[in-house]
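# A structural walkthrough
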Amino acid sequence: MSASYDYDDADGHRQMQLSQQDIAYDPNFVPEYVKSFVVHLYRHIREKNVYEIHQMYETSFHALSDRSFKDTPWPSVDAVAHYVDNDHVFCLLYRELWFRHLFARLSPTLKQRIDSWDNYCSLFDVLLHGVVNMQLPNQWLWDMVDEFVYQFQSFCQYRAKMKNKTEQEIVLLRQYDQAWNVYGVLNYLQAFVEKSAIIQILDREKEGLEQFTANDGYDYDGGSNVLKVLGYFSMVGLLRVHCLLGDYQTGLKCLQPIDISQKGVYLIVIGSHIATIYHYGFACLMLRRYVDTIREFNKILLYIYMTKQFHQKSSQYEQILKKNEQMYALLAICISLCPQVNLLDETVNSQLCEKYGEKMVRMQKFEEEAFSIYDELFSYACPKFITPSAPCFEEPLVNYNQVHCNHVNLPLL
Amino acid sequence: MEREMQKQQQEESSYTVEQLVTFNPYNPDILPDLENYVNEQVSSQTYSLDANLCLLRHYQFEPDRMSIQIVSHILIKALMAMPAPDFSLCLFLIPEKVQMEEPFKTLIVLSHYLETGRFCQFWDEVAKSRRLLEAVPGFEQAIQAYAGHVLSLTYQKVPRAVLAEAINIEGPSLDKFIEHQAVNSGWALGKGQLIVIPKNEFNHPELKKSGGDIVPLEHIARIFPILG
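Residues numbered from 1 in each chain as written. Chains lettered and ligands numbered in written order. Predicted model: local features only at pLDDT ≥ 70, side-chain atom pairs only at ≥ 80, totals over all residues. Heavy atoms only, no water.

As recorded in an unreviewed UniProt entry, chain B goes by the name Eukaryotic translation initiation factor 3 subunit K, listed as coming from Trapa natans. A UniProt comment under Subunit (unreviewed entry) is attached to chain B, and it reads "Component of the eukaryotic translation initiation factor 3 (eIF-3) complex." (UniProt positions renumbered as here; feature names shortened; annotations may be inferred.)

Under an unreviewed UniProt entry, chain A has the name Eukaryotic translation initiation factor 3 subunit L and belongs to Trapa natans. Heading Subcellular location (unreviewed entry) of the UniProt record for chain A holds this comment: "Cytoplasm".

Contact residues are listed per partner, giving 28 residues for chain B and 31 residues for chain A. Summed over both partners, the interface of chain B with chain A buries about 2600 Å², with 58% contributed by carbon and sulfur atoms. On the chain B side of the contact with chain A, Tyr 26, Phe 61 and Phe 92 of chain B bury the most area, a combined 32% of that side's loss. Between Arg 57 of chain B and Asp 247 of chain A there is a salt bridge; the shortest N-O distance is 2.6 Å. The tally of links between chain B and chain A comes to 10 residue pairs in polar contact (both at pLDDT 80 or more). Those elements giving two or more residues to the side of chain B that touches chain A turn out to be α1 (2-23), α3 (49-61), α5 (86-91), α6 (96-99) and α7 (104-115) of chain B. (Contact = heavy atoms within 4.5 Å. Buried area = accessible area lost by both parts, 1.4 Å probe. Salt bridge = Lys/Arg side-chain N within 4 Å of Asp/Glu carboxyl O. Polar contact = N/O pair within 3.5 Å; in protein donor to acceptor, adjacent residues only side chain to side chain. Helix = DSSP H or I, 4+ residues; strand = E, 2+ residues; numbered from the N terminus.)

As a further point, take the packing of aromatic side chains. Residues and elements named next belong to chain A. Taken as a whole, this structure holds 33 aromatic pairs over all chains when the rule is applied. Look at Trp 117 and Phe 148: their rings are 6.2 Å apart centre to centre, the planes differ by 15 degrees, and that puts the pair in the stacked class. Here Trp 117 is found in helix α5 (residues 110-129), whereas its partner Phe 148 is found in helix α6 (residues 138-160), with 31 residues between them in sequence. Measuring from ring centre to ring centre gives 6.1 Å for Trp 117 and Tyr 188, while their planes differ by 70 degrees; the resulting arrangement is edge-to-face. Here Trp 117 is found in helix α5, whereas its partner Tyr 188 is found in helix α8 (residues 182-195), with 71 residues between them in sequence. Considered together, Trp 117 and Tyr 188 belong to a single accessibility category, that of buried residues. The ring of Tyr 42 has Arg 46 sitting right over it, with the charged end atom 4.5 Å from the ring centre. (Phe/Tyr/Trp six-rings, centres within 6.5 Å; stacked < 30°, edge-to-face > 60°. Buried < 20%, exposed > 50% of the residue type's maximum accessible area, 1.4 Å probe, protein only. Lys NZ or Arg CZ within 6 Å of the ring centre and 35° of its normal.)

With that settled, the discussion passes to the pattern of salt bridges. Residues and elements named next belong to chain A. The final tally for this structure, using the stated rule, is 23 salt bridges over all chains. Residue Glu 325 pairs with Lys 355 through a salt bridge whose shortest N-O separation is 3.0 Å. Of the two residues, Glu 325 is situated in helix α14 (residues 317-337) and Lys 355 in helix α15 (residues 346-363); the sequence distance between them amounts to 30 residues. Residues participating in the shared-partner salt-bridge network are Glu 96, Arg 100 and Asp 143.

A word on the nonpolar core. Across soluble globular proteins, you tend to see nonpolar side chains buried next to one another. Residue and element names in this part refer to chain A. Membership of the largest hydrophobic core comes to 202 residues, with the highest contact counts inside it found for Leu 127, Leu 136, Trp 140, Tyr 232 and Leu 331. Among the elements that take part in this core, helix α10 (residues 226-245) stands out by supplying 13 residues, more than any other. Two domains each put at least three residues into this core: domain 1 (1-107) and domain 2 (108-405). Apart from the residues within four sequence positions on either side, Trp 140 is in contact with Leu 41, Ile 45, Ile 53, Tyr 57, Leu 93, Glu 96, Leu 97 and Arg 100. (Core = buried A, V, L, I, M, F, W, Y, C linked by side-chain atoms within 4.5 Å. Domains from an automatic or database assignment.)

Okay, here's the thing in structure tokens:
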């Protein structure tokens, strides 16, 4: 249920700027099916029944959201807490889902964005320092990291749009300047990587001393998979954040412990697979390692072509399709700059020609109009870059996308 | 003795900075260490891309702390690292507004000339920006090495005049340069005003057999009877 990468317009795309008075939303009203949901989920987590947790997380939560919470938030955590023994960790997890649902379906207010940050801090602090004895499905753990980075990206974009800010919002922004602070975000991701010792685990695995990948990240010795897998996915998270900041070299360095030429846990969850390869490929493109990009995109585009039918019912289907299109656009750029058609699988090549054949012909001419096509494809397919620093609240900010696009065009001149 | 100790201290502190960059990169307090490290790289003619990217990131996070001089030194060092793409990598972290001001505007122009092999224009521009570039020792030599590298990818036999223009040297200094390349890179003096460059993958294009697609004749021979 990770929100789309390109909700870069939180108040534009979803014009449901919801004030709680408009729709009859009572945060304290807990329908029977929600009570049943939390009670069962809580029990499954206590009993470490990963299969059941996954069913509830992946299916029930979405079904209930679609049916009953299309345009209102779920009941507040305070209302459901007593059904789950006021369990601190469960409440933090519930709240994370609560905010994620809000961000996906509704338009969060500034206060809600700040509260979500606070929740992540509390949740991550527990996971990093406490002794958590849970096993959670990989999908959930990936979604946590993915959503964390997405909300950071969303916040930076929100903050950069100074034009519509009320006095009240500016006061809040100044007061809570630690919320979604870039240092904080990076340090949490880094902390997961370090605390989990995931790099050492992966090293030891190469020598046959660990069963991490073989067990899909799960712990069959009575322990917990949460910290290890969060550490693993945080490496992808770091790659993504660095790409958003424009530091591709460091991004690739963060991903280095994961050998993408081998089977790995990043392949288990389709969202993580796509995020990893998309950002890896994009970073290589910006480092002018076009052949590397072509190779990796070729593999994953073929994979998506052959398996997308199995994801049709998934909540992530739209996302998968979108990333698929973006990678074809980037591939068109790479092939135009570095013709290596022999590296492409037949299917991928024919799809590429269908989508961008005509444009690629024009891109390979040494003319003025070629630049505008590169520009167009790049702007469509690149990550939505962010400005990590707080703006001068009196001045509007410059659009970063153009800067990166110009750098792709430079070698052509 | 003093020089030894100074060198050791330098080694120790640069070791520590590299450690900081690896293990504690997202800490705003290391900014002064990173800045000192840039100055060290300039004076001791060493280079660390990772540390410099780390510093540029910090400047991105806290634009008020940015030092124009340090950023320009980082960019000059990155130019000296060509053909590595370090210059673009650093530029990605510098806001567009800043890039449009001097000295960055000039440095971008210089990098553009180098990327497109326009050495004559490059050296002209360098002559106009003497003061900026003199601050970083080793600049000219690094660019000359890059120019030599580019020529060796492009030519089998390069005319002396072309070489002279590319590295901005003439006369006896040019002879010295060629001698140096002869010892280290196998260049040789050819007939007339030509310098012979050793064979490499790039200046000797060959028709390559695409090994993957070859079907051995024996396999095809098996169906000849049917085709008849």
